[in-house]
Amino acid sequence: MGSQVIEDFRITPHFSFYELTKTSNAALQINNRDTARSFLGPLKSLAESLEVIRADIGHAIEVHSGFRSPALNSETAGSSMKSQHMRGEAADISDPGPDTKESVDRLFYAIECVLVNRKLPFGQLIQESAKRDYGRVYWVHFSLGAPWRDKARCGEVLTMLDGKYTLLRKIPQEG
């Protein structure tokens, strides 16, 4: 058996190409990376935003779903065919360590504070939860704002529980 070489390189000091293109659904044998190479611009902007968040909250964050090719996205439960994940503009993240509602509650609040205090542009911040047989049950979705997303749909803070979204508030975006 030959060993598979996985391409990787640093996009920013704490986020790599591999990290932003892997999937937590290990059962899927889908090559995400070939398609992802076309989206290095938004992936770099995403990694830069995650660096700001990481620095301000004061600890590492784990990316468990970043870029998704259309094939991977269609196999990901609850994903929209308009998902920013398919353009390298979104990441599902959590604190390293145990998967708990409490840890995601804290991370969600901390990220919202960073977004407000730093006036960091963003599309959506979603506290998500879904019952599934792989990966995390609780996570935070972060996506890029304008110019990657329509300005009218930027600054949305939501929750999602088993596919049902609730808009909590909109944070005004500059520009």
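Please refer to the structure higher up on the page.
A quick note: this is a predicted structure, and the numbers were derived from the prediction, not measured. (Residues numbered from 1 in each chain as written. Predicted model: local features only at pLDDT ≥ 70, side-chain atom pairs only at ≥ 80, totals over all residues. Heavy atoms only, no water.)

S.K.: Describe helix α4 (residues 101-118), naming the residues involved and giving the relevant values.
M.R.: The end-to-end C-alpha separation of α4 is 25 Å, in line with the 26 Å expected for 18 residues at 1.5 Å each. Within α4 the residues assigned to the buried category are S103, V104, L107, F108, I111, E112, V114 and L115. Looking straight down α4, one finds its buried side chains confined to an arc of 165°; they lie on one side. Seen from the buried face of α4, the exposed residues on the opposite side, beyond 90 degrees, are R106, Y109 and N117. Next to the buried residues of α4 lie α2 (40-57), β4 (90-94), β5 (124-129), β6 (138-143), β7 (156-161) and β8 (164-170). Looking one or two residues beyond α4, the residue adopting positive phi is K119, at roughly 55°. (Helix = DSSP H or I, 4+ residues; strand = E, 2+ residues; numbered from the N terminus. Expected span 1.5 Å × (residues − 1). Buried < 20%, exposed > 50% of the residue type's maximum accessible area, 1.4 Å probe, protein only. Arc of directions from axis to C-beta. Contact = heavy atoms within 4.5 Å.)

S.K.: Can you tell me about unusual backbone geometry, naming the residues and giving the values?
M.R.: A negative phi holds for most residues other than glycine; trans holds for most peptide bonds. A cis geometry characterises the amide bond from A146 onward to P147, with omega recorded as 10°. Along the chain, P147 falls in the loop between β6 and β7. Here K119, not a glycine, exhibits a phi torsion of approximately 55°, which is positive. Residue placement: K119 occurs in the loop between α4 and β5.

S.K.: Mind laying out the pattern of salt bridges, listing which residues take part and the relevant values?
M.R.: Side chains that differ in sign of charge can pair as their charged atoms come close. According to the stated counting rule, one finds 7 salt bridges in the structure shown. A salt bridge links D92 to R68; its shortest N-O distance comes to 3.1 Å. Of this pair, D92 sits in strand β4 while R68 sits in the loop between β3 (62-65) and α3 (70-74), placing them 24 residues apart in sequence. The burial state of D92 is the same as that of R68; both residues are buried. (Salt bridge = Lys/Arg side-chain N within 4 Å of Asp/Glu carboxyl O.)

S.K.: Can you lay out the pairing of β7 for me, pointing to particular residues and giving the numbers?
M.R.: In the sheet, β5 pairs with β7 via 6 bridges, with the strands oriented parallel. The partner of Q127 across the bridge, within β7, is T159. For β7 and β8, the ladder comprises 6 bridges, and the chain directions are antiparallel. The partner of T159 across the bridge, within β8, is T166. From the end of β7 to the start of β8, which pair antiparallel, there are 2 residues, and D162 there has a positive phi angle of about 50°. (Pairing = 2+ DSSP bridges.)

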